Amino acid sequence: MVATRAGHSAVFLIDTWQSYRAVQAEAQASLTGYSRSIAAALRNELSRADLVLSDVARRIAEDPASSAAGRKTGAEAHVQRHYLALPRRPDIYFADREGVIVASTRGELVGRTIAGSEAFRAHADKADSLHIDLNVDLDGKSLTALSRGVRDAENQFLGVTTTLISSGILDEIVQAATPQGTLRVTLIDHAGNTHGQHPAP
């Protein structure tokens, strides 16, 4: 009788372990699928924003105006036109070569300086490249900032264009990828820095 109990116990433990492994494998597969869906959606969102950002930078760079005032007027027109064309209405601004914001879809940003920011220094020091900051605090609101440098035909630095995307977009992406709403995503960059959890704990 004791041997039978032990045998039943052993079979039960083996069956439980196999069930655990099966559940674990299924959960891992689901998590991998969610991660890929979220990464693809986030990449698409950022790529669309960068296409707009690059076009704004190109139009400002190719603007025939030679004076600072003329370039400012042209930048305002380019920024506003792209803002109205985008469904999510991300804010866009242009800062001149001194780092002063001279055109923006948010009027209160005009006149502020970004000269001390890492993104501005990076664009001023080298050729154009996309700079992404996942955690920008603007007046108490967490945003993701994409920026590109603006250079003329002679490769002279003219300034920086930036688009500000609400961090709430990640919440929308997570909800779309995980309809049951039980998955929490922690965003970590390539350097290991955590940029918060979505949805917030």
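Residues numbered from 1 in each chain as written. Predicted model: local features only at pLDDT ≥ 70, side-chain atom pairs only at ≥ 80, totals over all residues. Heavy atoms only, no water.

**A look at the packing of aromatic side chains**
The relative placement of two aromatic rings is captured by the distance of their centres and the angle of their planes. Rule in force here: Working definition: a ring pair exists when centres of Phe, Tyr or Trp rings (six-membered ring for Trp) sit within 6.5 Å. Plane angles under 30 degrees give stacked, over 60 give edge-to-face, the rest tilted. A helix here means a DSSP run of H or I that spans at least four residues, while a strand means a run of E at least two residues long, and both kinds are numbered starting from the N terminus. Burial status follows relative accessibility: with a 1.4 Å probe on protein chains alone, a residue under 20% of its type maximum counts as buried, one over 50% as exposed, and anything between as partly exposed.
For the structure shown, the criterion picks out 1 aromatic pair. Ring geometry for F120 and F157: centres 5.5 Å apart, planes at 70°, overall edge-to-face. Of this pair, F120 sits in helix 3 (residues 118–125) while F157 sits in strand 5 (residues 157–166); the two residues are 37 residues apart in sequence, bridging distant segments of the chain. The burial state of F120 is the same as that of F157; both residues are buried.

**Overview of the nonpolar core**
Defined as follows: For this analysis, a nonpolar core means a set of buried residues of the types Ala, Val, Leu, Ile, Met, Phe, Trp, Tyr and Cys, connected via side-chain atoms within 4.5 Å.
If you look at the biggest cluster of nonpolar residues, it comprises 13 residues, and the most contacted ones within it are V56, I60, A75, V79, F94, A103 and V150. Counting only elements with at least two residues in this core, the list comes to helix 1 (2–62), helix 2 (68–85), strand 1 (91–96) and strand 2 (101–104). When residues in this core are grouped by element, the largest group, 5 residues, is from helix 1. One finds L138, L143, V160 and L164 within the second-largest nonpolar core, a separate group that totals 12 residues.

**Describing the pattern of salt bridges**
Basically, it comes down to this: We define a salt bridge as a contact between a side-chain nitrogen of Lys or Arg and a carboxyl oxygen of Asp or Glu at a distance within 4 Å.
Scanning all chains against the criterion turns up 5 salt bridges. For the salt bridge of D55 with R58, the shortest nitrogen-to-oxygen distance reads 2.6 Å. Linking D55 with R58, this pair stays in helix 1, spanning 3 residues, or about one helical turn. The exposure class of R58 is partly exposed, given its relative accessible area of 38%. For E62, the salt bridge goes to R58, with nearest N and O atoms at 3.1 Å.

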